[in-house]
There are 2 protein chains.
Amino acid sequence: MGEDIEKTEKMTAALKKAGIRVTRQRIALLAVLADADDHPDAEELHQRAKVLEPSVSLATVYRTLSVLEHEGVVHRHAFEGGGARFETTHEAHHDHILDVDTGEVVEFQSDKIEQLQEEIARELGYEVVHHRLELYCRKKTKKL
Amino acid sequence: MGEDIEKTEKMTAALKKAGIRVTRQRIALLAVLADADDHPDAEELHQRAKVLEPSVSLATVYRTLSVLEHEGVVHRHAFEGGGARFETTHEAHHDHILDVDTGEVVEFQSDKIEQLQEEIARELGYEVVHHRLELYCRKKTKKL
DNA sequence: AACAAGAATGATAATGATTCTCAAAGATAG
DNA sequence: CTATCTTTGAGAATCATTATCATTCTTGTT
């Protein structure tokens, strides 16, 4: 509950920090983002935001998402197939499992994998700036 | 050396298997693919193929790549930024390190990471169909 | 060698996601 | 209240990719 308000505040702060105005349209988008616990694409966010504020255009959705992404409060994911999908940045870093049948997204985190990645990069003379780990999965058929 | 011929033969076989003809234009593309040890995009492959066979169109490059991908002899990668990049399928599965400064691609493989992925998926009730692991890296500055 | 039937081709149009443009509407400071 | 600067929505532009389609190639059959 208060979670959403907190998230919204963080995003509002990010907009102000970026020196851009917190308008009616952007407020609607922030509310939608704070409320979303899935990983919607821009079109979907636009639909949801229009319920709260009919005057939001898709252009503004994209514009605002870009700002929020730059400020680091929203993450953009380019999963396989279709356009980018977004989520508000939360505490811990995590990677994603994608259900290839339903498109559903599950988050997971593995320090071990993370460490191994660093190690591998180091051995090849690199340091990891960021990474992308996506597991395209299918629900296990129980005792088929 | 003979490696390229081998690769070319594998791809030729794949085209035949798919029931499509091995034309002049496609032969040029196969040669380019067999020769490439980097990860070129469609435009780049088109440029290279035109040297061998000026009549290759970009459309044919895309068409043929799709066939080869379906037959499993070519892999398509959607790295961050820009269009898809391709490589001929070789023996072992591998993942990629991308130099964020140069765009260069380095391949690596880690059974440990692979295992961990399976484990994590299993625990969440999934089985991995395929995955994507990309490390966006920067060359380590030696003793800066 | 001529031929009919089907496949492949190149040029170009179409698509889909995203960004850009720009005139009009809105906010802000004085 | 006004001059200035920002944001807006609508639609044009862009980029990678795919689809369309009339024409050209192949190929197997005489």
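As recorded in an unreviewed UniProt entry, chain A goes by the name Ferric uptake regulation protein, listed as coming from Sulfitobacter undariae. Entered under Subcellular location (unreviewed entry) in the UniProt record, the comment concerning chain A runs "Cytoplasm". Taken directly from UniProt, the Sequence similarities (unreviewed entry) text for chain A runs: "Belongs to the Fur family."

1. Some details on the relation of the copies chain B and chain A
Taken as rigid bodies, chain B and chain A are interconverted by a rotation of 180° and an axial shift of 0.0 Å, the fit giving an RMSD of 0.0 Å. Both chain copies can therefore be described as sitting about a two-fold axis. If distances are taken from each C-alpha of chain B to the rotation axis, the shortest is found for Leu133(B), at 2.3 Å. Mapped onto chain A, 100% of the interface residues of chain B again fall at the interface, so both copies present the same surface.

2. What to know about the packing of helix 3 (residues 42-52) of chain A against helix 4 (residues 58-70) of chain A
Residues and elements named next belong to chain A. It is the contact of helix 3 with helix 4, at a shortest axis distance of 9 Å, that shows an interaxial angle of 115°. Here helix 3 lies roughly perpendicular to helix 4, going by the angle between them. As helix 3 packs across helix 4, the resulting crossing turns out to be right-handed. Where helix 3 abuts helix 4, its residues Ala 42, Glu 43, Leu 45 and His 46 lie against Leu 58, Val 61, Tyr 62 and Leu 65. For the contact of helix 3 with helix 4, the per-class residue count stands at six nonpolar, one polar and one charged.

3. Considering the interface of chain B and chain A
With 34 residues of chain B at the interface, the matching set in chain A holds 34 residues. The largest contributions to the chain B side of the interface with chain A come from Tyr126(B), Arg132(B) and Lys140(B), which together make up 25% of the buried area. A salt bridge links Glu134(B) to Arg132(A); the shortest N-O distance between them is 2.6 Å. Joining chain B to chain A, the criterion identifies 18 residue pairs in polar contact (both at pLDDT 80 or more). Of all elements in the fold, only strand 3 (95-99), strand 4 (105-108), helix 5 (111-123) and strand 5 (126-139) of chain B reach the threshold of two or more residues within the side of chain B that touches chain A. It is strand 5 of chain B that contributes the most residues to the side of chain B that touches chain A, 14 residues altogether. Bridge count between strand 5 (residues 126-139) of chain A and strand 5 of chain B: 13 bridges; the pairing is antiparallel.

Criteria and thresholds
Residues numbered from 1 in each chain as written. Chains lettered and ligands numbered in written order. Predicted model: local features only at pLDDT ≥ 70, side-chain atom pairs only at ≥ 80, totals over all residues. Heavy atoms only, no water. UniProt positions renumbered as here; feature names shortened; annotations may be inferred. Least-squares fit on C-alpha atoms with pLDDT ≥ 70 in both. Contact = heavy atoms within 4.5 Å. Axes fitted to C-alpha atoms, helices over the stretch in contact; angles between N-to-C directions. Helix = DSSP H or I, 4+ residues; strand = E, 2+ residues; numbered from the N terminus. Parallel < 35°, antiparallel > 145°, perpendicular 65-115°, else oblique. Left-handed = near helix turned anticlockwise from the far one by under 90°. Nonpolar A, V, L, I, M, F, W, Y, C, P; charged D, E, K, R; others polar. Buried area = accessible area lost by both parts, 1.4 Å probe. Salt bridge = Lys/Arg side-chain N within 4 Å of Asp/Glu carboxyl O. Polar contact = N/O pair within 3.5 Å; in protein donor to acceptor, adjacent residues only side chain to side chain. Pairing = 2+ DSSP bridges.

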